[in-house]
Amino acid sequence: MLTILKAALNHAFQEGKTNSDEAWRRAKPYREADAAKIRYLTAAECRRLLEACEGAFRDRVRGALATGCRYGEFGRIRVSDFDAQARTVMIAKSKQAKPRPIALSDEGAAFFAALTAGRPRTALVFSRADGEPWGASHQQRPLIEASARARLEPPCAFHILRHTYASALATKGVPMRVIADQLGHADTRVTEKHYAHLTPSYGAEAVRHALPALGLDAPPAASGFLSTFDAAS
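An account of the accompanying structure is given in this report.

Rules and cut-offs
- Here the residue numbering is sequential within each chain, running from 1 through the sequence in written order.
- Predicted model: local features are reported for residues with pLDDT of at least 70 only, side-chain atom pairs are reported and counted for 80 or more only, and whole-chain, interface and lining totals are derived from all residues.
- With hydrogens and water stripped out, all remaining heavy atoms of the structure feed into the side-chain values.
- Under the scheme used here, helices are H or I runs from DSSP no shorter than 4 residues and strands are E runs no shorter than 2 residues, and both carry numbers assigned from the N terminus.
- A contact between two residues is defined here by any heavy atoms of the two lying within 4.5 Å.
- Areas reported as accessible are Shrake-Rupley estimates using a 1.4 Å probe. Residue values count occlusion only from the protein chains shown.
- Strand pairing requires that DSSP identify at least two bridges connecting the strands.
- The salt bridge definition used is simple: a Lys or Arg side-chain nitrogen within 4 Å of an Asp or Glu carboxyl oxygen.
- Exposure is judged per residue with a 1.4 Å probe applied to protein chains only, and the accessible area is read against the type maximum: over 50% gives exposed, under 20% gives buried, and values in between give partly exposed.
- The nonpolar core is taken to be a set of buried Ala, Val, Leu, Ile, Met, Phe, Trp, Tyr and Cys residues, with the residues joined through side-chain atoms within 4.5 Å.
- In this context, the arc is that of the directions from the helix axis out to the C-beta atoms.
- Each axis is a line fitted through C-alpha atoms, taken for helices only over the stretch in contact, and angles between the N-to-C directions span 0 to 180 degrees.
- If an angle is under 35 degrees, it is roughly parallel; if it is over 145, roughly antiparallel; if it lies from 65 to 115, roughly perpendicular; otherwise it is oblique.
- Take the far helix as the reference: if the near one is turned anticlockwise from it by less than a right angle, the crossing is left-handed, and if turned clockwise, right-handed.

Secondary structure assignment for the protein chain yields 12 helices and 3 strands. A sequence separation of at least 24 residues applies to 57% of the contacts in the protein chain between residues at least 6 apart. By element, 56% of the accessible surface of the protein chain is carried by carbon and sulfur atoms, the whole surface being about 15200 Å².

Laid out in structure tokens, this is it:
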């Protein structure tokens, strides 16, 4: 919240609405206030959630887990955005205002192929049962109800599906730059903040490469010291 407030105040300063930015430059966040706090679903929880979803909403949840798209991006995907040969989905309009292709797994590509087969290229891939687009808050109630049936507590929010997608990639050691590109992040800072700790080798290779050889393969010098405890006991 402080970051958002400062951004607004900085904009006001740059637009000449105030003569100084000194007052809020001194404001600092509480310690650990910006620590990454994310929740993601396990594979078993994903399966339970999908089984608990109904009709067109199940396809929407499954598609979110397959792409990691933001909710707004997801609602704009059309049949023409799916490239079966390249196995990608093109996000034509994103938060960063530039198109990006999302690579699909074999399972994800088969899922999109089944959803788009024989449909007009301009049709929305994901729509409600009545054919209308999903609105800004149409996902909340069915997701809460599905979470209750899937025994997920607290209930799953749609953004958690995006976290789940990214977390799954991180735990498999996918580079942060690749995950950032898939999610549509401008750089890797936000990606690293949320997901780097999930990468098995995160930081390990850098540490091993940087530390000099100190002859640590020699017999421990502390062996004599430790023997004093044996003698004392």
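Past the structure itself, the notes keep going.
What follows covers the sheet that holds strand β3 (residues 100-103). Reading across the sheet, the 3 strands line up as β1-β2-β3 and stay open at both edges, with antiparallel pairing between neighbours. Edge positions in the sheet fall to β1 (82-83) and β3, since each has one partner strand and no second. In this structure, β1 lies alongside strand β2 (residues 88-91), joined through 2 bridges in antiparallel fashion. When the bridges of β2 are listed, Phe82 appears paired with Val89.

Turning our eyes to something else, we now look at the pattern of salt bridges. Per the counting criterion, the structure on display carries 9 salt bridges. Asp130 serves as the salt-bridge partner of Arg128, at 3.4 Å between the closest nitrogen and oxygen. On the basis of relative accessibility, which here comes to 53%, the residue Asp130 falls in the exposed class. One salt bridge connects Arg141 with Glu145, and the closest N-O pair in it is separated by 3.1 Å.

Counting 45 residues, the largest nonpolar core has Leu41, Leu49, Val61, Ile77, Phe112 and Leu161 as its most contacted members. Of all the secondary structure elements, the ones that give two or more residues to this core are α3 (43-52), α4 (55-67), α5 (71-74), β2, α6 (106-116), α7 (140-149), α8 (158-171) and α9 (176-183). Examining the composition of this core, we find that 6 residues originate from one element, α8, more than from any other.

To continue, consider α3. The α-helix winds at 3.6 residues per turn, so residues separated by three or four positions along the chain end up facing the same way. Residues of α3 that are buried: Cys46, Leu49, Leu50 and Ala52. Taken around the axis of α3, the buried residues stretch over an arc of 160 degrees, which confines them to a single face. Set apart from the buried face of α3 by more than 90 degrees, the exposed residues are Arg47 and Glu51. Turning to α3, the residues buried within the fold contact α4, α7 and α8.

Across the interface, α3 lies against α4 with an axial gap of 8 Å and an inter-helix angle of 155 degrees. The angle between α3 and α4 places the two elements in the roughly antiparallel class. Seen from above, α3 lies across α4 with left-handed handedness. Contact residues: Cys46, Leu49, Leu50 and Glu51 in α3; Arg58, Val61, Arg62 and Leu65 in α4.

On to the side chain of His185, then. Checked against the element boundaries, His185 lands in the loop between α9 and α10 (189-195). Apart from the residues lying within four places of it in its own chain, the contact partners of His185 are Arg70, Arg162, Arg177, Ala180, Val190 and Thr191.

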